[in-house]
Amino acid sequence: MLKKLITACLFGAASLCSFAQEAEKVDYIPKFSGVIRTRWEIETADGYNRFQVRNVRARLQGKIARPIEYYLQADLCNQGKFQFLDAYVRFYALKGFQIRAGQFVIPFGIEPFRSPGTYIFTNRSFIGKDVDNIRAVGLELTYTLPFAPLTLQAGVFNSGPITDHSKWTKEKTFASKAVYKIGDFAITGGFQSICPDSVRINMIDGGITFTHGRFTAEAEYMYKHYTNKAFKTAHAYNAWVDYGMPLKKGLFNKLSFQGRVDGTTALSTGTRNAEGLLEANLPYRNRITVGSTLAYVKKKLKCELQLNYEKYLYHSDYTAPQGLRDKVVAEIIVSF
């Protein structure tokens, strides 16, 4: 009996020492990162142009224990305006299982998860900007299967805007996403249900990303259904390719070329007008984008010079507003 007691004590002491050593390995120092995007754009038809500080985005993240981390992100200058974006805590509960609570991009789609500093083009696709650009306050669960390269995410969120966390409501936003990786391919699918006003909108997303060496290609499609026939079902697509090559002379060490086609049918944001009906807030449109990027990359530091030309295609009876016409966009992006 005494021998068993001594053995148990020694085992417990060894476990405590091991836990203390593991705790010492945790880096508690907060990590700061950010990105600055400055741009010049000119409409090719009439010569109207403008300079912008498109984004000054700052991020702070770190750990308070091995399984607990925090993340804060704000746009200090989004076209001249301040915007608070993300604030969440993530808890690694079990192996492969995560819980996240706070404000962040809901788990749905591919393009919405790219941020300044990782954009492929100077302007986001219509999917990433207009169809599924949703941040919300809520709870998300993530599970990565141990026996397959499959990650599952699901979350429930407030249906109200992120600028007002005090509103009480019976309606909720639901979102889910699955990513399966096999070889050079990543296959994504998801479902989302939102109720911004009184009409519930359900969306289905599917996409595939192929990466091999210097070449990347991606295609994504979204289906948007308005319940009770409140508005015509909408469709959106985004497809692009990118090819990069190393440079060995001069300051810049990478040159890449990009091409994209994207578009949507007429869309409603889901908010009723004065007559209590949904209306088309965004028109039917297609776009062709071509561009090139010259980059200096050193570990986490990056500077890019990006030049894009965008060709917009609308129905003949629609007059596009300024900023959504054929144009050239040039940007300097610094991320650290």
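This one's a predicted model, so the numbers in the text were calculated from it and none came from an experiment.

Cut-offs used in this document
- Residues numbered from 1 in each chain as written.
- Predicted model: local features only at pLDDT ≥ 70, side-chain atom pairs only at ≥ 80, totals over all residues.
- Heavy atoms only, no water.
- Helix = DSSP H or I, 4+ residues; strand = E, 2+ residues; numbered from the N terminus.
- Buried < 20%, exposed > 50% of the residue type's maximum accessible area, 1.4 Å probe, protein only.
- Contact = heavy atoms within 4.5 Å.
- Areas by Shrake-Rupley, 256 points an atom, 1.4 Å probe, with all protein chains shown as cover.
- Lys, Arg positive; Asp, Glu negative; His and termini not counted.
- Charge placed at Lys NZ, Arg CZ, Asp CG, Glu CD.
- Pairing = 2+ DSSP bridges.
- Patch = residues over 30% accessible without salt bridge, like charges linked within 9 Å, V, L, I, M, F, W, Y side chains within 5 Å.
- Salt bridge = Lys/Arg side-chain N within 4 Å of Asp/Glu carboxyl O.
- Polar contact = N/O pair within 3.5 Å; in protein donor to acceptor, adjacent residues only side chain to side chain.
- pLDDT = per-residue confidence, 0-100.
- Phe/Tyr/Trp six-rings, centres within 6.5 Å; stacked < 30°, edge-to-face > 60°.
- Lys NZ or Arg CZ within 6 Å of the ring centre and 35° of its normal.
- Core = buried A, V, L, I, M, F, W, Y, C linked by side-chain atoms within 4.5 Å.

Chemist: Would you explain the overall build of the protein chain in this entry?
Modeler: Assigned secondary structure in the protein chain consists of 2 helices and 16 strands. Scored against the burial criterion, the 336 residues of the protein chain give a buried share of 39%. Put simply, of all contacts in the protein chain between residues at least 6 apart along the chain, 51% involve residues at least 24 apart. For the protein chain, the exposed surface amounts to about 19000 Å²; the carbon and sulfur share of it is 65%. The centroid of the 44 positive side-chain charges in the protein chain is displaced by 7 Å from the centroid of its 29 negative side-chain charges.

Chemist: Looking at this structure, I do not really get the pairing of strand β2 (residues 49-65). What am I missing?
Modeler: By the bridge criterion, 12 bridges tie strand β1 (residues 31-43) to β2 in an arrangement that is antiparallel. Among the inter-strand pairings, Glu41 is bridged to a residue of β2, identified as Arg50. Counting the residues that bridge the hairpin from β1 to β2 gives 5 residues, and of these Gly47 lies at a positive phi of roughly 85 degrees. Summarising the sheet, β2 and strand β3 (residues 68-78) pair through 8 bridges and their orientation is antiparallel. Opposite Gln61, over in β3, you have Tyr71 as the bridge partner. Hairpin connection, β2 to β3: the antiparallel pair is bridged by 2 residues.

Chemist: Whenever I open this one, a nonpolar patch on the surface confuses me. Can you help?
Modeler: Together, Phe32, Ile36, Leu60, Leu72, Leu76, Phe82, Phe84, Leu301, Leu305, Ile332, Val334 and Phe336 make up a nonpolar patch on the protein surface, roughly 1100 Å² of accessible area in all. When contributions to the nonpolar patch are tallied by element, the ones reaching two or more residues are β1, β3, β4 (81-94), β15 (301-314) and β16 (327-335). Here Ile36 is to be found in strand β1. In this structure Ile36 comes out as partly exposed when scored by relative accessible area, which is 36%.

Chemist: How should the side chain of Gln258 be read in this particular structure?
Modeler: Its place among the elements puts Gln258 in strand β13 (residues 254-264). Residue class for Gln258 comes out buried when judged on its relative accessible area of 6%. Side chain to side chain, Gln258 and Asp242 meet in a polar contact 2.8 Å long. Within the local environment of Gln258, its side chain forms a polar contact with the side chain of Ser256, the two groups lying 2.8 Å apart. Beyond its immediate chain neighbours, meaning those up to four positions away, Gln258 contacts Ile120, Phe121, Val241, Asp242, Thr289, Val290, Gly291, Ser292 and Thr293.

Chemist: Quick question: what am I supposed to make of unusual backbone geometry here?
Modeler: Backbone phi values are negative for most residues with the exception of glycine, while trans is the configuration of most peptide bonds. Located in the positive-phi region is Asn228, a residue other than glycine, with phi close to 60 degrees. For Asn228, the position within the fold is in the loop between β11 (215-226) and β12 (234-246). Even without a glycine there, the phi angle at Lys299 is positive, about 55 degrees. Here Lys299 shows up in the loop between β14 (285-298) and β15.

Chemist: Please clarify how the confidence of the model for the protein chain should be interpreted in this entry.
Modeler: Note: predicted coordinates in regions of low pLDDT should not be interpreted at a detailed level. Predicted confidence across the protein chain gives a mean pLDDT of 92, with 93% of residues reaching 70 or more. Across residues 4-23 the pLDDT falls below 50, and counting only partners more than four positions away or on other chains, this stretch makes 2 contacts in the model.

Chemist: Hey, could you run me through the packing of aromatic side chains in this one?
Modeler: What describes a pair of aromatic rings is the distance from one ring centre to the other and the angle between the planes of the rings. If you walk through the whole model with that rule in mind, you get 10 aromatic pairs. Sitting over the face of the ring of Tyr88, Arg100 holds its NZ or CZ atom 4.7 Å from the ring centroid. It is Arg100 that lies over the ring of Phe104; its NZ or CZ is 3.9 Å from the centre.

Chemist: Honestly, the nonpolar core in this entry has me stumped. Any pointers?
Modeler: Inside soluble globular proteins, nonpolar side chains tend to come together where they are buried. Judged by nonpolar contacts, the single largest core of 22 residues is most densely connected at Ile106, Val131, Phe157, Met203, Met222 and Tyr226. Among the secondary structure elements, those contributing two or more residues to this core are α2 (126-131), β10 (201-212), β11 and β12. Every residue in contact with Tyr226, bar those within four places of it in the chain, is listed here: Arg200, Ile201, Phe231, Lys232, Ala234, Leu267, Ser268 and Leu278.

Chemist: Just to check I follow, could you spell out the side chain of Ser256 for this structure?
Modeler: Within the secondary structure, Ser256 is located in strand β13. Apart from residues lying up to four places away in sequence, Ser256 is in contact with Asp242, Tyr243, Gly244, Gly291, Ser292 and Thr293.

Chemist: I would appreciate a short explanation of the environment of Tyr243 in the present structure.
Modeler: Take Tyr243: it is sitting in strand β12. The partly exposed category is assigned to Tyr243, whose relative accessible area is 35%. Taking the C-alpha atoms as reference points, Tyr243 and Glu140, separated by 103 residues in sequence, lie 34 Å from one another. Apart from residues no more than four positions distant in its own chain, Tyr243 is found in contact with Arg214, Phe215, Leu255, Ser256 and Phe257.

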